[in-house]
Amino acid sequence: MRMYEIINNKKRGKTLTNDEINFVVQGFTTGEVPDYQMSALLMAIYFQGMSPEETAALTMAMANSGEQIDLSNLHGKNVDKHSTGGVGDKTTLIVAPIVAALGLNIPKMSGRGLGHTGGTIDKIESIPGVRTSLESEEFLKIVNHHKICITGQSANLAPADKAIYALRDVTATVDSIPLIAASIMSKKIAAGAKYILLDVKTGSGAFMKDVEDATKLAQEMVNIGGACGRETAAIITDMSAPLGWAVGNSLEVIEAIEVLSDKASDKPLAEVCITLAAHLLHLAAEGDFAECRQKVEDAIKSGIALQKFAEMIEAQGGDPSYILNPENFPKAAHIIPCPAPETGYITKMDTEGIGLAAVTLGAGRSIPTDTIDHSAGIVLHAKTGNYVEKGQPLATLHTNNPEAAKEAKAKLIASYKISSNKPRPTPLIHAQISLATKG
């Protein structure tokens, strides 16, 4: 088997075999296939695409390239939830405690933020003492005792994906739906859960800017899950505005606590989280959707979901008093209002621009080595559809770096479009996709 022939076959639109795909992934992981040949194949895939069978084979080859999390000793059903990321997306902090409180195991491996999107690990690390770098044995022990644990991704989880993504990033092949789908699903398959719910974001703050592309990606990932023997479903949710009022690590944890306390000030955030949690329960055959939604609402109202979140934080070495008393979180030294430049309806928001404004304040990273300021961020006071008067606060900036506030303020104001016409409301949930398990 020669890499030249594999590249040439894909360049001409031929379907690669499982053996060819395994040869490529294994060879690139071990260094036997050089970067320049892998780059050529990635570009051929970008233009020629991949069949569902090829994409599933690539996913499994990457999943098998490193550590496989064995969940067989856990008691109960193992579920996982993945979001494609966005601004203000704290859904994992809300959905995971809910489903764990209702008896499902959620052994969750999450990532850090980079660029305009936040990371779940950065958010829970704003709670003093919490540990997110756990060995597999301790990770699984916590899940067995508490039904939930959120840890950083193992360096040896799908290492082929990490190597291939680094190459995609510098060869302009990131935005290939089969490659995106295989990248995401390789880590989900390696993480071991039988039931996988995908929250695919669409809009100005998402990687997939329009509903059509988001739906294609979601369908591709659901197909992969089915082909790999996993019960998989996807929900297309809106990211044309930040999710919730808070953007920034501890600010988002506080907002998540509000939802879990049944005190949500942002109803769309609560609705998205309740919908996702209900779908995850339904996917795991815990009842019909209406029954599952009722269970989710009851878990919030009774307080068991909030208690489960505090329980998880304590099990991971964190201080649970921050969950039960969120006023304990440190505040940024400088809290600066950002007034509306004119009167009218907010017709559009550049959600990515708002995320980058939060990064400027210290809430995120431009490069992986940047340090996070957990108290920095933005609290929004108005979003798309709201009417504002000139001078009324659009948002409040939270930062310990006052020099950064001027730049962040300009980015934030530029992210709002205000006019005299009230916009049509955008759906929170655009579509849902499911597929029965194959094999």
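A. Molecular detail of the packing of helix α7 (residues 136-146) against helix α14 (residues 304-315). Packing of α7 against α14 brings their axes to within 11 Å, and their N-to-C directions diverge by 150°. As judged from the angle between their axes, α7 and α14 are roughly antiparallel. In the crossing of α7 with α14, the sense of the turn from one axis to the other is right-handed. Of the residues in α14, those touching α7 at Ile142, His145 and His146 are Lys308, Glu311 and Ala315. Residues that form the contact of α7 with α14 fall into these classes: two nonpolar, two polar and two charged.

B. Looking closely at the pattern of salt bridges. In total, this model carries 21 salt bridges according to the counting rule given. Residue Glu138 is joined to Arg131 by a salt bridge in which the shortest nitrogen-to-oxygen separation is 2.5 Å. By relative accessible area, Glu138 is classed as partly exposed at 29%. With a relative accessible area of 34%, Arg131 lands in the partly exposed category. Glu352 is the partner of Lys209 in a salt bridge, and the nearest nitrogen-oxygen pair spans 3.1 Å. Residue Lys209 is found in the loop between β4 (195-202) and α10 (211-227), and its partner Glu352 is found in helix α16 (residues 351-361); the two are separated by 143 residues along the sequence. Taking the relative accessible area as the measure of exposure, Glu352 reaches 28% and is therefore partly exposed.

C. Structural view of the nonpolar core. Judged by nonpolar contacts, the single largest core of 55 residues is most densely connected at Ile98 and Val99. Looking at this core, the element that brings in the most residues is helix α12 (residues 267-283), giving eleven residues. Setting aside chain neighbours within four positions, we find Val99 in contact with Val79, Leu104, Ile106, Ala277, Leu280 and Leu281. Core analysis: the next-biggest nonpolar cluster, separate from the first, contains 34 residues, Met109, Ala181, Ile224 and Ile236 among them.

D. Quick look at the sheet that holds strand β6 (residues 246-247). Spatially, the four strands line up as an open sheet ordered β6-β9-β11-β7, and their pairing is antiparallel. Here the strands that pair on one side only, and so sit at the sheet edges, are β6 and β7 (334-339). Bridge analysis of β7 against strand β11 (residues 393-399) gives six bridges, and the strand direction is antiparallel. The residue bridging Pro339 from the neighbouring strand is Pro393, located in β11. Packing against the sheet, α16 makes contact with β6, β9 (377-380) and β11, and its axis sits at approximately 135° to β9.

E. The arrangement of α7 in detail. Every buried residue of α7 is listed here: Phe139, Leu140, Ile142 and Val143. Each buried residue of α7 lies within a common arc of 155° when the element is viewed along its axis, so the set occupies one face. Opposite the buried face of α7, at more than 90 degrees from it, the exposed residues are Glu137, Lys141 and His145. As for α7, its buried residues are in contact with β2 (106-110), β3 (148-152) and α14. Residue Lys147 follows α7 closely and has a positive phi angle near 75°.

F. Layout of the side chain of Lys123. With respect to the secondary-structure elements, Lys123 resides in helix α6 (residues 120-124). Exposure remark for Lys123: the relative accessible area of 2% places this residue in the buried category. Side chain to side chain, Lys123 and Glu252 meet in a polar contact 2.9 Å long. Residues contacting Lys123, with those up to four places away along its chain left out, are Asp89, Lys90, Leu93, Gly118, Asn249, Glu252 and Val253.

Definitions and cut-offs
Residues numbered from 1 in each chain as written. Predicted model: local features only at pLDDT ≥ 70, side-chain atom pairs only at ≥ 80, totals over all residues. Heavy atoms only, no water. Axes fitted to C-alpha atoms, helices over the stretch in contact; angles between N-to-C directions. Helix = DSSP H or I, 4+ residues; strand = E, 2+ residues; numbered from the N terminus. Parallel < 35°, antiparallel > 145°, perpendicular 65-115°, else oblique. Left-handed = near helix turned anticlockwise from the far one by under 90°. Contact = heavy atoms within 4.5 Å. Nonpolar A, V, L, I, M, F, W, Y, C, P; charged D, E, K, R; others polar. Salt bridge = Lys/Arg side-chain N within 4 Å of Asp/Glu carboxyl O. Buried < 20%, exposed > 50% of the residue type's maximum accessible area, 1.4 Å probe, protein only. Core = buried A, V, L, I, M, F, W, Y, C linked by side-chain atoms within 4.5 Å. Pairing = 2+ DSSP bridges. Arc of directions from axis to C-beta. Polar contact = N/O pair within 3.5 Å; in protein donor to acceptor, adjacent residues only side chain to side chain.

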